[in-house]
Amino acid sequence: MMLITVIFIALTMFLIGFFVGVKDEPPIKLKTHTKPQEDIETLKKEYENFLSYDGSMQE
């Protein structure tokens, strides 16, 4: 009886996952960057700041 229950639960979970995966739209919407050039400039400034740090105590 326990084996039948485990097989039934496994089959149910498989079918749920299968039908969620077959949908036309993805379940999670990915964020798209609208301005990648600004992101690159911001990262560049942060990296330059990191490289110029001399180890002194910050205020």
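Details of the structure are given in the entry above.
Our subject in this report is the structure included herewith.

Bringing the overall build of the protein into the picture now. In terms of regular secondary structure, the protein is built from 2 helices and 0 strands. With 59 residues in all, the protein has 0% of them scored as buried. As displayed, the protein has an accessible area near 6500 Å², and 68% of this comes from carbon and sulfur atoms.

Further remarks concern the packing of aromatic side chains. Enumeration according to the criterion identifies 3 aromatic pairs in this entry. Taken together, a centroid distance of 6.2 Å and an interplanar angle of 25 degrees make the contact between phenylalanine 14 and phenylalanine 18 stacked. Separated by 4 residues within a single helix, phenylalanine 14 and phenylalanine 18 lie in helix H1 (residues 2-22), roughly one turn from each other. Aromatic side chains tyrosine 47 and phenylalanine 50 sit 6.5 Å apart centroid to centroid with 25 degrees between the ring planes, which places their arrangement in the stacked category. Taken together, the residues tyrosine 47 and phenylalanine 50, both in helix H2 (residues 36-51) and 3 residues apart, mark about one turn of the helix. One exposure class covers both tyrosine 47 and phenylalanine 50, and it is exposed. Pairwise contacts between aromatic rings join Phe14, Phe18 and Phe19 into one cluster.

Looking now at the environment of threonine 5. Summarising the element assignment, threonine 5 is placed in helix H1. With relative accessibility at 36%, the residue threonine 5 sits in the partly exposed group. Separated by 3.0 Å, the side chain of threonine 5 and the backbone oxygen of methionine 1 make a polar contact.

It is worth spelling out a nonpolar patch on the surface at this point. A contiguous nonpolar patch, built from Leu11, Phe14, Leu15, Phe18, Phe19 and Val22 and spanning about 620 Å² of accessible area, is present on the exposed surface. Judged by relative accessible area, which is 44%, phenylalanine 18 ranks as partly exposed.

How each quantity is defined
Residues numbered from 1 in each chain as written. Predicted model: local features only at pLDDT ≥ 70, side-chain atom pairs only at ≥ 80, totals over all residues. Heavy atoms only, no water. Helix = DSSP H or I, 4+ residues; strand = E, 2+ residues; numbered from the N terminus. Buried < 20%, exposed > 50% of the residue type's maximum accessible area, 1.4 Å probe, protein only. Areas by Shrake-Rupley, 256 points an atom, 1.4 Å probe, with all protein chains shown as cover. Phe/Tyr/Trp six-rings, centres within 6.5 Å; stacked < 30°, edge-to-face > 60°. Polar contact = N/O pair within 3.5 Å; in protein donor to acceptor, adjacent residues only side chain to side chain. Patch = residues over 30% accessible without salt bridge, like charges linked within 9 Å, V, L, I, M, F, W, Y side chains within 5 Å. Salt bridge = Lys/Arg side-chain N within 4 Å of Asp/Glu carboxyl O.

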